[in-house]
Amino acid sequence: MLFWIISAALALLIAALFALALLTRRAEAEHPAAYDLRIYRDQLKEVERDLARGVINAADAERIRTEVGRRVLAADAQLAIADVSSQQPRSLTIAIAAIIALLLTGGGVAIYTQLGTPGLGDLPHKARLQASQELYSSRSSHEAFLARLPVRNAPQQEAGYLELVERLREAVASRPDELQGQQFLAQSEARLGNYAAARAAQSAVIRLKGEAAGASDFVTMAQMYITEADGYVSPEAEAALRRALRADRTDPVARYFLGQMWLQNDRPDRAFGLWSQLLNEGPEEAPWIAPIRQSIDDIAWLAGVEYTQPAPSEMATDMPGPSVQDIENAGEMTPEERQEMVQSMVQRLNDRLATEGGTPEEWARLISAYGSLGDESRARAIWLEAQQRFADTPDALETVRRGAARAGVDQ
């Protein structure tokens, strides 16, 4: 209701301003004929003075009076016509003002009913987070989502390949604890589109590896779920991704799919945190970079972030950043808490470079970060230190210089 009250008040205010401009008679600019009249009167006075001084004779004075008098009559007639034509009936003015007010208010409401969403309630930040949490908590399981998908035909394979897979199945069934056999079977079943069998084999791979199972093993399991579900990241796929990140928090494929999961659950802020970090890390030829570049501008807009994609030359490599948990927690933080988290991360990087040293990319990142935080004096001091440290390595110094340029302290 508050929205409608404010909108109606603004529309009426604008309509009132238009009506006031129409109903209030403003002093108009002087008509050219009025200016001419003043000139002609001055000319008549000048004629009398010239006649008295003997500059002109009586005959010339009379001729001039006649000509000026004719011009005075013409100018006066023009003024009379202008005054009559400018008198607009007040009733017509009121009618025009009413029509303008009706168009502004009624027309605005009519357009909003077609283009807007009149029944949509307020969506404060807390309510949006709660709605996305409910969407996340109630999302379909993998099997329930598959039940809604159309039936797909299995990919066509050569008869010889199918025979080999059948023999592999028999061999694995007779020797279920053979790791290599389970790995081959998981790959082969996935290629045939038998994802349930492929996941069973991959589960056996993870079981046989035990504590040696790495992030790639869990990512492979997650990809089997996601591929079968046409890109949908189910709770089962998420669980595999989380296990991959527990094994290696920097695994890029797991972070990419986790960002995709947050997009599907109306959390562009979390997706942006994960994908922007992946884009910064690169490398440009990584398979996840192209889809991120295509959509991250829209994701940033949805997340309410002013963002410019880094050029391929600005993308860093092997640089530590916030953990996945840090990025996800940032969505619930206030701006002050988020700023404090960023400053803490920058300080940790600063302390590590001061005590242990680091790569040119890390020095460039630190300088750029202080520039983004508005601490130009600190950024400039680190840039001066980096120039001394990398004075003998021009290529490394140029990398650091790019970070100083982003901070505006490279001069």
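So, a few notes on the structure that sits alongside this text. (Residues numbered from 1 in each chain as written. Predicted model: local features only at pLDDT ≥ 70, side-chain atom pairs only at ≥ 80, totals over all residues. Heavy atoms only, no water.)

Some details on the environment of Pro252
Turning to step 1, where the next piece is worked out: In this fold, Pro252 is placed in helix 12 (residues 252–264).
Turning to step 2, where the next piece is worked out: Under the relative-accessibility criterion, Pro252 is labelled partly exposed at 23%.
Turning to step 3, where the next piece is worked out: The spacing of Pro252 and Trp275 is 23 residues in sequence and 9.4 Å in space, taken between C-alpha atoms.
Turning to step 4, where the next piece is worked out: Discounting residues that sit within four places of it in the chain, Pro252 has contacts with Leu278 and Trp288. (Helix = DSSP H or I, 4+ residues; strand = E, 2+ residues; numbered from the N terminus. Buried < 20%, exposed > 50% of the residue type's maximum accessible area, 1.4 Å probe, protein only. Contact = heavy atoms within 4.5 Å.)

Digging into the packing of helix 11 (residues 235–247) against helix 12
Turning to step 1, where the next piece is worked out: Axis separation between helix 11 and helix 12 bottoms out at 10 Å; the angle between their running directions is 140 degrees. Taken as axis vectors, helix 11 and helix 12 run oblique relative to one another. In this structure, helix 11 crosses over helix 12, and the sense of that crossing is left-handed. Seen from helix 11, the contacting residues are Glu238, Leu241, Arg242, Ala244 and Leu245; seen from helix 12, they are Ala254, Arg255, Phe257, Leu258, Met261 and Trp262. (Axes fitted to C-alpha atoms, helices over the stretch in contact; angles between N-to-C directions. Parallel < 35°, antiparallel > 145°, perpendicular 65-115°, else oblique. Left-handed = near helix turned anticlockwise from the far one by under 90°.)

Quick word on the pattern of salt bridges
Turning to step 1, where the next piece is worked out: Summed over all chains, the structure comprises 21 salt bridges.
Turning to step 2, where the next piece is worked out: In this structure, the salt-bridge partner of Glu67 is Arg70, at a minimum N-O distance of 2.5 Å. Remark: Arg70 and Glu67 occur in helix 3 (residues 58–85); sequence separation between them is three residues, near one turn of the helix.
Turning to step 3, where the next piece is worked out: On the basis of relative accessibility, which here comes to 32%, the residue Glu67 falls in the partly exposed class.
Turning to step 4, where the next piece is worked out: The salt bridge partner of Arg389 is Glu385, with a shortest N-O separation of 3.8 Å. Taken as a pair, Arg389 and Glu385 lie in helix 18 (residues 376–389) at a separation of four residues, close to a single helical turn.
Turning to step 5, where the next piece is worked out: Classification of Arg389 by relative accessible area gives partly exposed; the value is 43%.
Turning to step 6, where the next piece is worked out: A relative accessible area of 37% places Glu385 in the partly exposed class.
Turning to step 7, where the next piece is worked out: In the salt-bridge network here, residues are joined through shared partners; they are Glu48, Glu62 and Arg65. (Salt bridge = Lys/Arg side-chain N within 4 Å of Asp/Glu carboxyl O.)

As far as function goes, none of this settles anything; it's purely spatial.
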